[in-house]
Every structure is written in structure tokens, then in C-alpha cells.
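# Observations on the model geometry
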Amino acid sequence: MTPLSSCLLLSALLFAIGLAGALMRRNAILMLIGIELMLNAANLNFIAFWRYGPNPEVLTGMMFVIFSIGVAAAEAAVGLALIILLHRHTKTTDIDEVNAMRG
Amino acid sequence: MGETADQFFVILQHRIVDHAPANLRSFFSSLLSVIAILVVFALLFAITTVLERKGLGRIQNRYGPNRVGPFGILQPIADGIKSLTKEDIVPQAADKVVHFLAPVMLVLAAFSLYAVLPFGRNMVLANLDAGVLFFFAVSSVMELTIFMAGWSSRNKYSLLGAMRAIAQMISYEVPLILASITVIMAAGSLSTVAIVEKQAGYTGIFPHWFVFTPWGFAGFVLFMIAATAESNRSPFDLPEGESEIIAGYYTEYSGFKFALFFLGEYLGMFAISGLGITLFWGGWSAPFSFLTWVPSYFWFFAKLLTMIAIFIWVRGTLPRLRMDQLMNFAWKFMLPMALLNLVTAGVWRFLPQGVLRWLVCGLLVVVPYVLLGRGLAQGWKLEKRVYRFAE
Amino acid sequence: MLFTIFAILTVAGAVAAMSLRNLIHSVLALTLAFAGLAAVYLQLGAQFIGLAQILVYVGAVAILIVFAILLTRDAGASPQSIVSSSWIESGTVALVIFCVLAWAIHHSAASRPAVLPQPEASMQQIGNVLMLRFALPLEIVGVLLTVALIGAVTLAMHEKQEKQ
């Protein structure tokens with residue numbers, strides 16, 4: 001296993017774990033945690049390709065990750081504000097309970 | 001002669017490390033530096049506890065501790081024995097693992113902060129390319145450990161104290177980092193060694209320290225206020241004030257764990273003063289050009305002791321700020337001033353040297369300070385205009 | 001060797017984050033996963049990214065999540081199961097995705113051994129690239145963060161009571 005493929009495998013594993021958690025757990029905050037894990041896995045992918053790929057001096061991988069970290073932080077802030085607002089209205093963070101608009 | 005005295009510890013380290021096999025030399029030299037840092041700063045912590053209690057006592061018109069040893073200087077030994085032999089009480093409902101890990105992680109993070117501070121010429125443990133960023137990253141880990149301490153005790157007061165402490169620390173991190181960014185902009189590098197080297201020159205007998213420029217002075221004041229808030233020291237010690245919330249987030253800690261919290265907090269205070277010295281006061285460089293024969297590490301520790309004295313003085317003099325006053329101060333006053341400071345530093349860089357530069361930058365710093373200070377004191381608010389008509 | 005340790009730490013943290021019942025424990029495990037990832041970045045030579053990961057994720061996002069958990073706590077422990085009603089399908093989807101990705105990695109050019117020297121990414125270079133080539137994305141991210149800040153504050157603010 002080359003270093004690059006082991007990094008990519010770790011990234012794929014983290015992505016799958018994050019996806020499984022985001023889809024399987026009931027609590028809205030845990031969904032957000034799963035999404036953050038998925039974003040981190042993608043960042044790891046970029047850094048691995050920056051390190052082991054062609055043209056590392058252009059620093060494209062690093063730049064993408066810098067912006068990705070910024071966007072992920074903004075998204076976490078807004079997502080958590082929405083969850084707090086949801087809790088204030090429905091007194092629960094269980095996403096299976098929030099089905100008032102179904103049907 | 002002056003050169004040897006200045007590089008005394010570096011030469012000593014080389015002599016000791018030369019006894020080791022060649023491939024382990026760098027490991028042993030780092031190990032030696034780490035042991036030196038641990039010993040020196042633990043000793044400084046012990047000395048500071050006595051100095052603080054005696055200093056506060058004198059400010060409050062009483063003697064400090066004066067029983068143990070002449071003038072009470074052996075008090076830290078007594079404190080150490082007491083904290084080691086006290087019973088370690090953990091509440092039954094507490095989260096055992098997190099309760100145990102919190103003080104350990106705090107002290108770990110606090111000690112790692114010293115890795116990027118240059119104590120003298122060629123005396124830095126890790127010359128990282130992004131030294132200042134490393135410092136801020138590790139100090140943000142300390143906030144998480146405070147939350148762990150407050151939450152794991154399953155005590156309402158601890159949790160409340162922890163939440164207040166974290167809100168305060170993240171609010172004051174913004175002006176802290178903005179004030180440091182002005183220095184980084186002026187020095188052109190994130191490495192602490194490069195920042196100190198930029199300030200090591202002299203014009204005539206006066207040094208090139210950043211604190212002797214208008215933006216540097218304002219930046220230093222902002223940095224010091226934010227550093228006081230980051231270390232949860234008075235006048236920002238509402239989260240841990242004894243008369244407010246018992247002991248805040250470390251209510252349920254006793255014995256050695258409490259001593260570890262105390263140690264971690266003071267180490268954080270020393271580290272952030274060290275960073276302030278590195279960024280604004282020229283690190284290890286001497287204040288006048290005719291004093292450069294004194295070794296560089298002497299100047300660093302002299303400046304560090306001066307800063308500690310200022311911290312103790314401020315603690316004994318100013319009253320405690322209330323939580324909402326604290327937060328208003330950070331977001332409504334310090335953040336705009338820090339942003340204006342950035343602009344001033346940019347203007348300083350591009351104006352030609354001379355009186356005009358000092359005048360313009362001085363006005364750019366002083367006028368908003370006066371206006372904003374007066375405006376906030378009179379309670380100006382941005383809200384919809386309300387009309388009152390005559391009936 | 002060092003990479004293996006950090007990888008195991010990260011995966012353990014991620015699995016614990018997704019499967020623990022207590023929310024705060026799961027956030028602390030997530031913090032461990034973030035720290036493990038930061039160690040991997042530092043080991044790959046991306047110094048700025050590793051330190052920025054600790055500063056932003058461990059120092060800000062984790063604390064944000066913790067505050068949100070504390071503000072949305074239910075009074076008693078919820079007795080129902082912690083997984084949602086469609087957990088079998090979700091688990092299968094995630095497993096299938098992982099298998100496809102692993103197969104793709106195994107059969108791609110990434111698995112061919114090639115030794116590449118450590119690229120240099122000094123602060124000067126990063127600053128240069130940010131200010132010259134990526135200046136527009138930088139400004140856009142600045143605007144985005146300001147909008148997110150104002151939006152989050154507006155959403156979570158208590159509504160002012162109208163005085164009659």
C-alpha cells in the first residue's frame with residue numbers, strides 16, 4: 001500500500017463512517033457531526049493529493065482545504081442556529097418527530 | 001566575552017549533547033530544552049504565587065503570607081505539600097474519565113505553548129514557520145479543557161462557570177488575534193524568531209520595538225486586555241471569582257487536580273505574556289543600544305517579570321467586570337479598535353518616515369478611541385428612531 | 001508507522017462519535033478525530049492546514065456543537081433507540097459506498113508505488129498564492145463568513161417582545 005492509497009483509504013473510511021452516522025442517528029446535532037466528518041474526509045483527500053500528486057508547488061490542494069475549512073465552519077454555525085430554532089419551536093431535536101408537513 | 005555569556009546555555013547544551021551518538025543528537029537536544037523549560041517555568045510559577053499574594057496583600061494594606069520562611073518566600077513549598085496530601089474527592093455522579101482528563105490536558109496544552117517562544121538569541125525549542133498560529137491553535141485547545149472540567153462535575157455552578165468562561169475566552173480571542181495580525185503584517189512572517197529579529201535593530205540608542213509606534217502601542221494595550229481576559233484573571237475573572245460562583249468550573253476539584261488547574265492557568269498567563277513580549281516588546285533584545293552586552297535571556301525574563309507585576313497590580317486595583325459588561329466591551333469596543341489598528345498599521349507602512357507619519361497614525365488611533373469610548377459610555381445604540389409627538 | 005497510529009486514533013474517534021449515546025461524549029470523540037486528522041496533516045507536511053484545523057475545528061466548531069447540545073437538552077434521558085427508523089438501508093448505503101471507493105482506490109494509479117519528494121509550502125508561498133491567484137475566492141469567503149455570522153445570530157436571537 002503506497003502512502004497515497006493509504007491516505008485515500010482513510011479518507012474513504014471516514015467518509016463512510018460520517019455518512020452512516022448522518023443517515024442513521026436520530027438527533028439533528030449528530031447529523032451535523034456526521035456532515036462535518038464527511039467534510040474533513042474530503043479535506044484529507046485534497047491534502048493527500050497535494051502531497052503525492054503532480055504540481056505540488058501550485059498549492060491548489062492547500063488552497064481548496066483552506067476555503068473548505070472556512071465554509072464548513074460557516075455551515076456549522078448556521079446549521080446549529082437552525083437546530084436551536086427548531087428546538088425552540090418543537091421542543092425536540094429528534095428528526096423523526098419533525099414530520100408536521102408530511103403527506 | 002559578551003558573546004559567550006549570551007550563548008552560555010546554547011554552548012552548554014551542545015557540550016552535553018555531544019556525548020550522545022550522532023543520530024540521537026537532535027532528540028537529546030530537544031529533550032534537554034524541554035526539561036529546562038519545565039523546570040524554569042514551574043519555578044517561576046512557584047515564585048509568582050508568593051509574589052502575587054504578597055503583592056496583593058500590600059496593595060490591600062496588609063502583609064501577605066509571612067510565616068513560612070523569611071518574609072514568606074517558602075510558602076510555595078507549604079502549598080505544594082498541602083495540595084499533594086489532600087484527599088482527592090470526585091463526586092459520585094461525575095463523569096470519571098473526563099473529570100480526570102481535564103486538568104491533565106490543560107497542563108499539557110499550557111506547557112506546549114512555550115515551544116515557540118524565543119527566550120534568547122538562538123534559544124527557541126521549535127522554530128516553526130507558523131509559530132504564532134501554533135500558539136493560538138494550542139490556546140484554543142485550553143478552552144475545550146475548561147468546558148470538560150465544568151461539564152464533567154455534574155454541578156450547575158460548574159457548568160454555568162464553564163459556559164461563561166468559554167463565552168468570555170472566545171469573545172476575547174478575536175481582538176487578541178487581530179492585534180497579533182498587525183504585528184505579523186508589519187514583520188512579514190508568522191515565525192516568532194523572525195518577528196523578534198525584525199525588532200532587534202537600533203536607531204541611535206532607541207530600539208525598533210513595535211510598541212514604540214502608535215499602532216504598536218494601541219495593539220499592545222488591546223493585546224494585554226485580551227490576554228487578561230483569556231487567562232481568566234481579574235478584572236475578567238467572573239467565571240472563577242470566589243464571591244460570585246463559588247469557584248466556577250473547578251468547584252468539584254480538590255487536592256492535586258486543583259493544583260494542576262492553578263498551574264495550568266498561571267502557565268497560560270506566562271505564555272501569553274511571553275507572546276506579548278515577543279510580538280510587541282522586542283523579545284530578547286535590550287532596551288537601549290548601549291545595554292546589549294547584557295545576555296539576551298536576562299532581558300526576556302526581566303520583561304516577563306515586569307508583565308507579571310503589571311498583571312498583579314491590575315488584579316489588586318480594578319473591580320471585577322460583570323458578564324454583560326465584559327461581552328459588550330469585547331464586541332463593541334475592542335473589535336472596532338482592533339480593526340482600526342490594522343488600518344493604522346497599513347497606513348504607517350506606506351507613509352514616508354517623519355513627523356507626518358506619527359501625526360496621522362496617532363490621530364487615527366486616538367480619535368476613534370475617544371469617540372467610541374464616549375459614545376459607548378453614553379449608551380448610543382443603533383436602533384430604529386422613535387418619534388414622540390406632542391399630544 | 002506514525003501514520004498508522006494517527007489513522008487508528010482518527011477512525012476510533014469517528015466511530016465513537018457516531019455510536020455513543022451520550023451527546024457530549026460523542027462530541028469529545030469527534031474532537032479526538034479532528035486532532036488525529038490534524039496530526040496526519042502535520043505529518044504530510046501541510047503545517048498551516050494542520051494548525052488551522054486545530055484552531056478552527058477543535059477550538060471553534062467543537063465548542064459551537066457543545067453549546068448547541070447544552071442549549072437543546074431534553075429534561076430526561078430519551079428511552080427510544082438512538083438510530084432512526086431506516087437504519088438498515090442507511091447502513092447498507094454507507095457500506096456500499098465505502099466498498100466502491102476502496103475498489104476504485106485499489107485499481108487506480110494511486111496504488112502504483114512512486115516516491116515523491118516533500119513539497120515546500122512556506123508561509124510566504126501560501127500568502128502569495130492567496131493574495132495573487134486566489135484573491136477573489138478569499139474575498140468571497142470573507143463575505144460568506146460575515147453573512148453566516150449575521151445569519152446565525154439573527155436566527156438564534158430571541159424575538160423582541162412588542163410593547164403595546
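All values reported here derive from a predicted model rather than from experimental measurement.

## Section: the environment of Gly64 of chain B
Residue and element names in this part refer to chain B. Positionally, Gly64 belongs in the loop between helix H3 (25-59) and helix H4 (75-85). Assessed through the 18 C-beta atoms surrounding it within 10 Å, Gly64 is described here as partly exposed. Expressed as a C-alpha distance, the spacing of Gly64 and Lys54, which sit 10 residues apart in the sequence, is 4.0 Å. If near-sequence neighbours (up to four positions away) are discounted, Gly64 is found in contact with Arg53, Lys54, Leu56, Gly57, Arg58 and Gly72.

## A closer look at the interface of chain C and chain B
Put simply, an interface is often sized by how much accessible area is lost when its parts join up. Listed per partner, the contact involves 16 residues of chain C and 18 residues of chain B. Counting residues per element, the ones that place at least two in the side of chain C that touches chain B are helix H2 (23-43) and helix H3 (47-71) of chain C. Here the side of chain C that touches chain B gets 11 residues from one element, more than from any other, and that element is H3 of chain C.

## Description of the interface of chain C and chain A
Contacts between the two partners involve 64 residues from chain C and, on the opposite side, 58 residues from chain A. Contributions of two or more residues to the side of chain C that touches chain A are made by helix H1 (2-19), H2, H3, helix H4 (87-106), helix H5 (123-132) and helix H6 (135-156) of chain C. Ranked by residue count, the leading element in the side of chain C that touches chain A is H3 of chain C, at 11 residues. Across the side of chain C that touches chain A, the residue classes break down as 52 nonpolar, 12 polar and no charged.

## Some remarks on the confidence of the model for chain C
A residue-level look at chain C finds 91% of positions with pLDDT of 70 or above and a mean pLDDT of 87. Interface scoring of the predicted complex returns ipTM 0.91; its pTM is 0.91.

## Details of unusual backbone geometry
The phi angle of most residues is negative, glycine excepted, and most peptide bonds adopt the trans form. Look at Asn55 of chain A: it is not a glycine, yet its phi comes out positive at around 55°. Turning to its location among the elements, Asn55 of chain A is positioned in the loop between helix H2 (28-52) and helix H3 (60-90). The exposed category is assigned to Asn55 of chain A, around which 10 C-beta atoms lie within 10 Å. At Phe71 of chain B, a position not held by glycine, the phi torsion is positive, near 55°. As for its position among the elements, Phe71 of chain B is in the loop between H3 and H4.

## As for the domain arrangement of chain C
Per the domain assignment, the segments making up chain C are domain 1 (1-73) and domain 2 (122-158). For domain 1 of chain C versus domain 2 of chain C, the separation of C-alpha centres amounts to 22 Å.

## Let's talk about helix H7 (residues 156-187) of chain B
Residues and elements named next belong to chain B. Between its terminal C-alpha atoms H7 stretches 46 Å, which fits the 46 Å expected from 32 residues at 1.5 Å a residue. Bending of H7 peaks at approximately 25° at the position of Glu173, with proline Pro175 no more than four residues after it. Looking one or two residues beyond H7, the residue adopting positive phi is Gly188, at roughly 80°.

Here is what the cut-offs are and how they apply
Numbering of residues begins from 1 in every chain and follows the order in which that chain's sequence is written. Think of it this way: whatever chain is written first is A, whatever ligand is written first is 1, and the rest follow in order. In keeping with the model being predicted, local features are shown solely for residues with a pLDDT of at least 70 and side-chain atom pairs are shown and tallied solely at 80 or more, while totals for entire chains, interfaces and linings include all residues. In DSSP terms, a helix is any run of H or I states spanning at least four residues, a strand is any run of E spanning at least two, and both are numbered starting from the N terminus. Residue burial here comes from a neighbour count, namely the number of other C-beta atoms, placed from the backbone, that lie within 10 Å of the residue's own C-beta, with 20 or more meaning buried, 12 or fewer meaning exposed, and in between meaning partly exposed. Any pair of residues counts as being in contact when their C-beta atoms, constructed from backbone geometry, are within 7 Å of one another. For this classification, the nonpolar set comprises Ala, Val, Leu, Ile, Met, Phe, Trp, Tyr, Cys and Pro, the charged set comprises Asp, Glu, Lys and Arg, and every other residue, Gly included, is treated as polar. Per residue, pLDDT measures the predictor's confidence, with a range of 0 to 100. Each domain's extent was defined by an automatic or database domain assignment. Each residue after the first adds 1.5 Å to the expected span of a helix. Throughout, the bend at a residue refers to the angle made by two axes, fitted to the seven residues ending there and to the seven starting there.

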